[in-house]
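Per-entry structural report
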Amino acid sequence: MKSFIAALLLTASLAAPAAAADFPAERIMAMASGDWNKDGTPDLALVATPGDDSGDDNGLYIYVAKPEENRLTLALALPRTVWGNLTMFGQEPELAALANGSFTLTTKNDSIGRDRWRQTLTIAHRNFDFIVAGYTYSSYDTLDTDAVSDCDLNVLTGKGKALGQPITGKAQFVLLKDWNDEIARSICGLDN
């Protein structure tokens, strides 16, 4: 029901005059609803296409509910930051709400070429902003069964596992808007 309410609130907000981060519903590729800021009302995260044929990456848009105003407001817009597309199966970005109020953003290539990979960022709301709390990555080569990588890292503690072995790096508090995959890849020992 909360997801339905959030979707209705989004639809109502899209009918308003267009602003920089407004976009038609047909551009939405993925969405998840949860209580990101733990205020008791459902919030919304969206991945949307850039809306042109430029080939640019998709955008991540995070809305928080303003219950006193009966609407969602844009808390963070990261246009052209999410890889993936809907025209090729296995390259669709995914969003999923977690029970603890965080959400995951997954990008992947499960279908094209011999190099297959999947990357998930766990995104949490802390200190009135969105941070990357976790990073999970796995890859394999469809022709070389020995060419595999995997890493599961708690960015906040700097601890995790890569190829089944414990790893430790610098504990970091990284805002989502400042995130760079190299932050985690260097700790995980992943090739660029």
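So, on to the state of the cysteines. With the rule as written, the count across this model stands at one disulfide. One disulfide bridge connects C151 with C188, the sulfur atoms lying 1.9 Å from each other. Between C151 and C188 the sulfur-sulfur dihedral comes to about -60°; the bridge is accordingly left-handed. Taken together, the positions of C151 in strand β9 (residues 148-154) and C188 in helix α2 (residues 182-188) put the pair 37 residues apart, joining distant regions of the chain. In this structure C151 comes out as buried when scored by relative accessible area, which is 2%. Given the relative accessible area of 7%, C188 is considered buried.

A separate point is the sheet that holds strand β4 (residues 71-82). Here four strands make up an open sheet; going across it, the order is β1-β2-β3-β4 and the pairing antiparallel. The strands lining the two open edges of the sheet, one partner per strand, are β1 (28-34) and β4. Ignoring strand direction, the axes of neighbouring strands in this sheet form an average angle of 15°. The sheet contact formed by β1 and strand β2 (residues 43-48) spans six bridges and is antiparallel. Residue pairing in the sheet places S33 in a bridge with L44 of β2.

On to unusual backbone geometry, then. The phi dihedral of K38 is positive, around 55°, even though this residue is not glycine. Of note, K38 is situated in the loop between β1 and β2. Not every positive phi belongs to a glycine, and N70 is a case in point at roughly 55°. Among the structural elements, N70 can be located in the loop between β3 (58-66) and β4. Taking relative accessible area as the criterion, N70 reaches 61% and is therefore assigned exposed.

Turning to the confidence of the model for the chain, a few remarks are in order. Of all residues in the chain, 85% attain a pLDDT of 70 or more, and the chain-wide mean is 86. For residues 1-20, every residue scores under 50 in pLDDT, and the model assigns this stretch 20 contacts once sequence neighbours within four places are set aside.

Take the side chain of R116 next. Tracing the chain through its elements places R116 in strand β7 (residues 115-126). The buried charged residue R116 lacks any salt bridge, with D110 as its nearest oppositely charged partner at 6.7 Å. Among the polar contacts made by the side chain of R116, one reaches the main-chain carbonyl oxygen of D110 at a distance of 3.1 Å. When residues no more than four places from it in sequence are discounted, the contact partners of R116 are N109, D110, S111, S138, S139, Y140 and T142.

Definitions and cut-offs
- Residues numbered from 1 in each chain as written.
- Predicted model: local features only at pLDDT ≥ 70, side-chain atom pairs only at ≥ 80, totals over all residues.
- Heavy atoms only, no water.
- Disulfide = S-S within 2.5 Å.
- Helix = DSSP H or I, 4+ residues; strand = E, 2+ residues; numbered from the N terminus.
- Buried < 20%, exposed > 50% of the residue type's maximum accessible area, 1.4 Å probe, protein only.
- Pairing = 2+ DSSP bridges.
- Axes fitted to C-alpha atoms, helices over the stretch in contact; angles between N-to-C directions.
- pLDDT = per-residue confidence, 0-100.
- Contact = heavy atoms within 4.5 Å.
- Lys, Arg positive; Asp, Glu negative; His and termini not counted.
- Salt bridge = Lys/Arg side-chain N within 4 Å of Asp/Glu carboxyl O.
- Polar contact = N/O pair within 3.5 Å; in protein donor to acceptor, adjacent residues only side chain to side chain.

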